[in-house]
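Summary of the model geometry
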Amino acid sequence: MSIEKIVEQALLDGYLTPAMEAEVGRICDNASDLSIEEYMALDRLMGSLLTGEVVAVPRKQFINVMEELVLTEVIAKVAEIEASCESSLDVGDITAYALNRLPPLYATTEEGAKYQRKRAKTELYEFISQQVGEAIDRYLDQPNFFPERQALSKSTGNEVLHQVSTLLQVYAPNFEQK
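In this report, we go over the structure that sits alongside the text. On a predicted model such as this, the values are computed, not experimentally measured, just so you know.

Quick notes on the overall build of the protein
- Along the protein, the regular secondary structure elements total seven helices and four strands.
- N-terminal to C-terminal, the α/β element order of the protein is α-β-α-α-β-β-α-α-β-α-α.
- Burial status across the protein gives 33% buried among its 178 residues.
- In the protein, the proportion of contacts linking residues at least 24 apart, taken out of those at least 6 apart, comes to 77%.

Right under this line is the structure:
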């Protein structure tokens, strides 16, 4: 999808979704030079975000309780292993592997999260522990195929505004005459 279409959709809906934000970021990162139409669309998006005509949807309005339970289990087990040997384990890789084999436990309120935690500890603890163990075993048996790979970065709501502003300043410093 093009920047112009993303901006058009955001203006129509009144929302900039995380997927739209990521796509704009990907296009801007991969483009060597943007067209004047793309700059104008980005400028319009930035103005709309600043005036509130378009609202950036937060990344999460819910949580997956399974993520915190698995992460806690992974950290405990990895700490035991790293204390007894020289190797360093990637907590993110191990957590992702285990999470892909476990059911999600989403909640939108603190009460819902407490319920999901309680349920997981009584009904799923052994399964979680087993999947984390398998993830660690799999990680330890896996060769280092792609040492140059990059971890996913955490983005904030203002990241797109900053990225757009920086791009406009770098590639179109004289776009608006003062």
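Some remarks on the side chain of Thr-95
- Summarising the element assignment, Thr-95 is placed in helix H5 (residues 91–99).
- Not counting chain neighbours up to four residues away, the residues in contact with Thr-95 comprise Val-70, Leu-71 and Val-74.

Here's the deal with the packing of aromatic side chains
- What the rule picks out here adds up to one aromatic pair.
- Measuring from ring centre to ring centre gives 5.7 Å for Phe-62 and Tyr-106, while their planes differ by 75°; the resulting arrangement is edge-to-face. On the criterion of sequence distance, the pair formed by Phe-62 in the loop between strand E2 (55–56) and strand E3 (63–64) and Tyr-106 in strand E4 (residues 106–107) is long-range, its members being 44 residues apart.
- When the ring centre of Tyr-97 is taken as origin, the NZ or CZ atom of Arg-101, which lies over that ring, is 3.5 Å away.

Thresholds, definitions, all that
Residues numbered from 1 in each chain as written. Predicted model: local features only at pLDDT ≥ 70, side-chain atom pairs only at ≥ 80, totals over all residues. Heavy atoms only, no water. Helix = DSSP H or I, 4+ residues; strand = E, 2+ residues; numbered from the N terminus. Buried < 20%, exposed > 50% of the residue type's maximum accessible area, 1.4 Å probe, protein only. Contact = heavy atoms within 4.5 Å. Phe/Tyr/Trp six-rings, centres within 6.5 Å; stacked < 30°, edge-to-face > 60°. Lys NZ or Arg CZ within 6 Å of the ring centre and 35° of its normal.

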